[in-house]
Amino acid sequence: MPIPTLSPVWNFYWAYGICASLLGVIGLYVGQKTRTRTMQLLRQVEREKTRADKFANFVIPIGLSLTAETNLNQLLEKILLEAKALSLADGGTLYLVTPEKTLRFVMIVNDSLKIAMGGTSIKEVSLPPLNLYDADTGAPNHKNIATSCALGAKSMSVDDVYTEKGFDFSGAKAFDQRMNYRTISVLCVPLKDAQQKVIGVLQLINAQDPDTSRVVAFAPQLRQMMELLGLLAAAALGSYLRIKTLTDQIVDLKIQIDEAKKERQVTEITESDYFKGLQTRAREMRAKVKGQNS
Amino acid sequence: MAKIVSIHSYRGGTGKSNLTANLASLAALAGKRVAVVDTDVQSPGIHMPFGLGEDRVEFALNHFIWGECPIEKAAYDVSAALGRPGGPIYLVPSSIKISDIGRILKEGYDVRLLNDGFQALIEKLNLDFLFIDTHPGVNEETLLSIAISDTLVLILRPDQQDFQGTAVTVELAKKLDVPQMLLVINKALPSMNFDELRAKVEKIYNVPVAAVLPLTTELVQLASSGLISLVHPELEASREIGKVSEKILAP
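The rules behind each value
Residues numbered from 1 in each chain as written. Chains lettered and ligands numbered in written order. Predicted model: local features only at pLDDT ≥ 70, side-chain atom pairs only at ≥ 80, totals over all residues. Heavy atoms only, no water. Helix = DSSP H or I, 4+ residues; strand = E, 2+ residues; numbered from the N terminus. Expected span 1.5 Å × (residues − 1). Buried < 20%, exposed > 50% of the residue type's maximum accessible area, 1.4 Å probe, protein only. Disulfide = S-S within 2.5 Å. Contact = heavy atoms within 4.5 Å. Buried area = accessible area lost by both parts, 1.4 Å probe. Salt bridge = Lys/Arg side-chain N within 4 Å of Asp/Glu carboxyl O. Polar contact = N/O pair within 3.5 Å; in protein donor to acceptor, adjacent residues only side chain to side chain. Pairing = 2+ DSSP bridges. Axes fitted to C-alpha atoms, helices over the stretch in contact; angles between N-to-C directions. Core = buried A, V, L, I, M, F, W, Y, C linked by side-chain atoms within 4.5 Å. Phe/Tyr/Trp six-rings, centres within 6.5 Å; stacked < 30°, edge-to-face > 60°. Lys NZ or Arg CZ within 6 Å of the ring centre and 35° of its normal. Parallel < 35°, antiparallel > 145°, perpendicular 65-115°, else oblique. Left-handed = near helix turned anticlockwise from the far one by under 90°.

Colleague: Report on helix H2 (residues 72-87) of chain A, specifying residues and quantitative values.
Modeller: Residue and element names in this part refer to chain A. With 16 residues, H2 extends 23 Å between its outermost C-alpha atoms, agreeing within 8% with the 22 Å of an ideal straight helix rising 1.5 Å per residue. Buried residues of H2: Leu75, Leu76, Glu77, Ile79, Leu80, Ala83, Lys84, Leu86 and Ser87, and no others. One or two positions beyond H2, positive phi appears at Leu88, with a value near 55°.

As structure tokens, then:
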């Protein structure tokens, strides 16, 4: 049976129809693509605005409120909790550099594990300090992210501790196993005083996506924000420690009497004829008054 | 028998004149007949809280020392500064004229004259209390004031130099058998532990600390305006000064 052929008019309609559909699909595709890009741009603008708002509305007021804190434990706790809240991190640790060149754990918090040690909580942190230098060789200890951050005086972040090769996270991994937890992202920020000396390290664990609450890496903008908060926190801490040292000196040191010097000065005066005469007259006078009164 | 109270500090700037003015005023308000002598001829200052202007001062302690007037002529009734009824309060100022200060520094004076002056003042004004605002440091004049005192109030700031200097003064006062000695710590930083400070100071000198006064901006401003314990009795500092006064007024 011969295949029926279409008339040229029908051919034209078919071709027109196909072209129009194709154009429509392309239009739809391009439109969608443009919309997605516009949405992405809008989201980025939104994020930047939030970040600027956070700087102005949170970081600076937090920094100011830190300077007003007069209790050391409350100050330390505020630094850690505010940083954790601002970065939407699940946990965090605050370390202070000790005169023995170690990093001492002063406070540990973790929301999902409901852990709070140090600060104003009644539980003390019992973990041993981290050595900034090897006890035997004296070499700087860059194995831990916190010690490396303190030694290099710059912030450091790791997206996933289980794929990270640069640092030793055996401590975190052991903690995870014991607590049935999963440490993923880590951010460490040094607390530098006005002389650029590192006095502590602020460490945040597991940043969370604000929309999905999924654990994500610490975004570069967040890192920048935490660096600024670290600066303000260090200024508050530095000023607290300075005043504390000054007060301790006044109360403890300045009450020392140089007995030898005192004796020398007293003898010099009491051996003078004037003093001896005065002493005799004062005694006579008091004896007289005593006589009158009795 | 009049009671002689000397207020002394090892260094200047301790708030000595201000404390003297407040203690003397509280004694007058308790109905006592009181006189204050400013023996700090080099840097007089107690006329300020009593509001005694230079124009009112014809004769000062300097003129008595130079034999130009009897001491009672240099005593001015400043009871009005109390602002309420009490015993009379007189002030014998040191001259604030630069030429007079220069002359006394250059010529010096026989400190025994001071003792004669004090006794004459007690007698002539029939005093219950004579407060002596001394010159800071240890010299013949301050030693005399300490020697004739029934009560010696030593005011110090909590710093190394004052602690050391006060140790010397306490030792000298003990050798001069002063019957009552009281320490007043002034300008203590509010961040200090006052109880601990008081305990440490008492242990070191074996002398009671009658008051610890804080260093606050408010207090500095108020203190310069005059008699703080009368104008602002609600302040902690005023209550502390009141405790010193009670110890002095106790028979």
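Still more to cover.
Colleague: Can you break down the state of the cysteines residue by residue, with the values?
Modeller: Taken as a whole and judged by the stated rule, the model has 0 disulfides over all chains. No disulfide involves Cys188(A); its nearest neighbouring cysteine sulfur is the one of Cys149(A), lying 5.1 Å away.

Colleague: Summarise the interface of chain A and chain B; cite the residues concerned and give the values.
Modeller: In this complex, chain A contributes 27 residues to the contact, which on the side of chain B involves 35 residues. Taking both sides of the interface into account, the surface hidden between chain A and chain B amounts to around 2,700 Å²; carbon and sulfur atoms contribute 67%. Summed over the three residues of chain A that lose the most area to chain B, namely Ile255(A), Tyr274(A) and Arg286(A), the buried surface amounts to 23% of that side. Applying the counting criterion to the chain A and chain B interface returns 2 salt bridges. Measuring nitrogen to oxygen at the nearest pair gives 3.4 Å for the salt bridge that ties Glu171(B) to Lys262(A). Applying the counting rule to chain A against chain B returns 10 residue pairs in polar contact (both at pLDDT 80 or more). When residues of the side of chain A that touches chain B are traced back to their parent elements, those giving at least two are helix H5 (220-253), helix H6 (259-270) and helix H7 (273-293) of chain A. By residue number, the principal contributor to the side of chain A that touches chain B is H7(A), which donates 11 residues.

Colleague: Can you explain the pattern of salt bridges? Please cite residues and give values.
Modeller: Residue and element names in this part refer to chain B. Counted by the stated rule, this structure contains 18 salt bridges over all chains. Across the pair Arg103 and Glu107 runs a salt bridge whose closest N-O atoms are separated by 3.2 Å. Of the two residues, Arg103 and Glu107 are both situated in helix H3 (residues 98-107); the distance of 4 residues between them amounts to about one turn of the helix. Judged by its relative accessible area of 31%, Arg103 falls in the partly exposed class. Salt bridges sharing partners connect three or more residues here, namely Arg11, Arg157, Asp159 and Asp162.

Colleague: An account of the sheet that holds strand E1 (residues 3-8) of chain B is needed here, citing residue identities and associated values.
Modeller: Residue and element names in this part refer to chain B. Ordered by their spatial adjacency, 8 strands build an open sheet running E3-E4-E2-E5-E1-E6-E7-E8, and the pairing between neighbours is mixed. Only two strands of the sheet have a single partner each, and these edge strands are strand E3 (76-77) and strand E8 (209-214). As defined by bridge partners, strand E6 (residues 151-156) adjoins strand E7 (residues 180-188) across 6 bridges and the pair is classed as parallel. If you follow Leu154 over to E7, its bridge partner there is Leu183. Sitting on the sheet, helix H1 (residues 16-29) touches E1, strand E2 (34-38), strand E4 (89-92), strand E5 (129-133), E6 and E7, and the angle it makes with E5 is about 170°. Here helix H5 (residues 140-148) sits on the sheet and contacts E1, E5 and E6; the angle it forms with E1, its principal contact strand, is near 140°.

Colleague: I'd like a rundown of the nonpolar core, residues and numbers included.
Modeller: Core analysis: the biggest nonpolar cluster contains 102 residues, and Leu121(B), Leu130(B), Phe131(B) and Tyr205(B) have the highest contact counts within it. If we ignore the near neighbours within four places in the chain, the residues touching Tyr205(B) are Ile257(A), Leu156(B), Asp162(B), Phe163(B), Gln164(B), Thr166(B), Ala167(B), Val170(B), Lys174(B) and Leu183(B).

Colleague: So, the packing of aromatic side chains: which residues are in play, and what are the values?
Modeller: Enumeration over the complete set of coordinates arrives at 4 aromatic pairs over all chains. With a centroid separation of 4.8 Å and 55° between ring planes, the pair formed by Tyr95(A) and Phe105(A) is classed as tilted. Of this pair, Tyr95(A) sits in strand E1 (residues 89-97) while Phe105(A) is found in strand E2 (residues 102-110), placing the two residues 10 residues apart along the sequence. Judged by its relative accessible area of 4%, Tyr95(A) is buried. The residue whose ring lies beneath Arg103(B) is Trp66(B), and the NZ or CZ to ring-centre distance is 3.8 Å.

Colleague: For the packing of helix H6 (residues 160-175) of chain B against helix H7 (residues 194-205) of chain B, give the residues involved together with the corresponding values.
Modeller: Residues and elements named next belong to chain B. Relative to each other, H6 and H7 sit at 45°, their axes nearing to 10 Å. In this view, H6 runs oblique relative to H7, as classed from their interaxial angle. Seen along the crossing, H6 lies across H7 with a hand that is right-handed. Side by side, H6 and H7 meet where Asp162, Phe163, Gln164, Thr166, Ala167, Val170 and Lys174 of the first sit next to Leu197, Val201 and Tyr205 of the second.

Colleague: Break down unusual backbone geometry for me, with residues and values.
Modeller: One non-glycine residue, Lys114(A), lies in positive phi territory at about 55°. Position of Lys114(A) relative to the elements: it lies in the loop between E2 and strand E3 (115-118).

Colleague: Now, about the side chain of Asp133(B): what can you tell me, with residues and values included?
Modeller: Residues and elements named next belong to chain B. Turning to its location among the elements, Asp133 is positioned in strand E5. Reaching out from Asp133, the side chain makes a polar contact with the side chain of Lys16 at a distance of 3.0 Å. Contact partners of Asp133, with chain neighbours within four places excluded, come to Ile7, Lys16, Ser17, Thr20, Val37, Asp38, Thr39, Asp40 and Ile46.

In short, the description is geometric, and any link to function would need to be established separately.
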